[in-house]
Amino acid sequence: DVKVTQSSRYLVKRTGEKVFLECVQDMDHENMFWYRQDPGLGLRLIYFSYDVKMKEKGDIPEGYSVSREKKERFSLILESASTNQTSMYLCASTPPRFYGYTFGSGTRLTVV
Amino acid sequence: AQTVTQSQPEMSVQEAETVTLSCTYDTSESDYYLFWYKQPPSRQMILVIRQEAYKQQNATENRFSVNFQKAAKSFSLKISDSQLGDAAMYFCAYRRPGANSKLTFGKGITLSVRP
């Protein structure tokens, strides 16, 4: 089975900190995605990448950046964490022609 | 831009009964894919069922089936013989064709199952 692993299940960070959320997949998938999930808003796409060193903005990229130096790893970076970035963050991956995403189990980030 | 609408935030069903979760979408494409995902309390998103728009036959996976109405842009999920383990959030999602296209999700619906 494809595995998508998010490094932390829970994180608590302080306002202004630089935060790294890591995601690793083990099936050589080209496409990787970062979503945030908030009650009543569903899943909203932050950034995605369809190849190493490639990245594209999703619907809500403000306050975030990403890094993809290796195919299996896609990092989400909060340059200066703010309380409105408290959320659940979900990573997903898929090959280019696919029938659905494989998701990680999520990181619940709290910014205090 | 494509949008996916799940208008019911919550539903409840008696164990062993049948429940239908609604989803509508908006697109100008003629070919696309539709999905239902389940997110239990463990937070792991699980693909429940998918439907290709070019297929007229409704998809079925065991107790899960869809009612796909292309002209009405409606994609509802029917869960038969509901079980306690079906309690979860359910998300409807849309994807247009293309190697690098992405999923657009609805806001989700919380399903509870009464014993």
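As shown above, the structure is provided for reference.
This report concerns the structure included in the present document. The shown structure was predicted, so the numbers you read here are calculated from the model rather than taken from an experiment.

All names here are of chain B. Taking burial as the measure, the 8 residues of strand β10 (residues 88-95) include 7 buried ones, the bulk of the element. Bridge analysis of β10 against strand β12 (residues 109-114) gives 3 bridges, and the strand direction is antiparallel. Paired with Tyr90 across the two strands is Ile109, which belongs to β12.

Frequently, the measure chosen for interface size is the accessible area removed from exposure when the parts meet. The partner chain A presents 26 residues to the 22 residues of chain B that form the contact. Summing the contributions of chain B and of chain A, the shared interface buries around 2000 Å²; its carbon and sulfur component is 54%. Three residues, Arg43(B), Asn100(B) and Lys102(B), lead the burial of chain B against chain A; their summed loss comes to 33% of the area buried on that side. The interface formed by chain B and chain A includes 0 salt bridges. Here chain B and chain A share 9 residue pairs in polar contact (both at pLDDT 80 or more) between them. Only β5 (33-39), β6 (46-52) and β10 of chain B provide two or more residues apiece to the side of chain B that touches chain A. Residue classes in the side of chain B that touches chain A are distributed as 9 nonpolar, 7 polar and 6 charged.

Residues Leu21(B), Tyr25(B), Trp36(B), Phe75(B), Leu77(B), Ile79(B) and Tyr90(B) are the most contacted members of the largest nonpolar core, which totals 26 residues. Residue assignment for this core shows that the elements contributing at least two residues are β3 (19-21), β5, β6, β8 (64-69), β9 (74-79), β10 and β12 of chain B. Ranked by size, the runner-up nonpolar core spans 20 residues in total, among them Trp34(A), Tyr47(A), Ile60(A) and Val111(A).

Trans is the prevailing form of peptide bonds, just as negative phi is the prevailing case for residues other than glycine. Despite not being glycine, Asp28(A) shows a phi value in the positive range, around 60°. As for its position among the elements, Asp28(A) is in the loop between β4 (23-25) and β5 (31-38). Despite not being glycine, Lys73(B) shows a phi value in the positive range, around 55°. By secondary structure assignment, the location of Lys73(B) is in the loop between β8 and β9.

Attention now moves to the pairing of β5(B). Residue and element names in this part refer to chain B. Within β5, 7 of the 7 residues are buried, which leaves the element mostly enclosed by the surrounding structure. Burial along β5 is two-sided: Tyr33, Phe35, Tyr37 and Gln39 facing one way and Leu34, Trp36 and Lys38 facing the other are all buried. Judged from the 6 bridges that link them, β5 and β6 form a sheet pairing that is antiparallel. For Phe35, the partnering residue across the bridge sits in β6 and is Arg50. Between β5 and the antiparallel strand that follows it, β6, lie 6 residues; Arg43 among them carries a positive phi value of about 80°. When β5 meets β10, the two strands line up antiparallel, connected through 7 bridges. Bridging from a neighbouring strand, Gln39 pairs with Met89 of β10.

Quick notes on the rules
- Residues numbered from 1 in each chain as written.
- Chains lettered and ligands numbered in written order.
- Predicted model: local features only at pLDDT ≥ 70, side-chain atom pairs only at ≥ 80, totals over all residues.
- Heavy atoms only, no water.
- Buried < 20%, exposed > 50% of the residue type's maximum accessible area, 1.4 Å probe, protein only.
- Helix = DSSP H or I, 4+ residues; strand = E, 2+ residues; numbered from the N terminus.
- Pairing = 2+ DSSP bridges.
- Contact = heavy atoms within 4.5 Å.
- Buried area = accessible area lost by both parts, 1.4 Å probe.
- Salt bridge = Lys/Arg side-chain N within 4 Å of Asp/Glu carboxyl O.
- Polar contact = N/O pair within 3.5 Å; in protein donor to acceptor, adjacent residues only side chain to side chain.
- Nonpolar A, V, L, I, M, F, W, Y, C, P; charged D, E, K, R; others polar.
- Core = buried A, V, L, I, M, F, W, Y, C linked by side-chain atoms within 4.5 Å.

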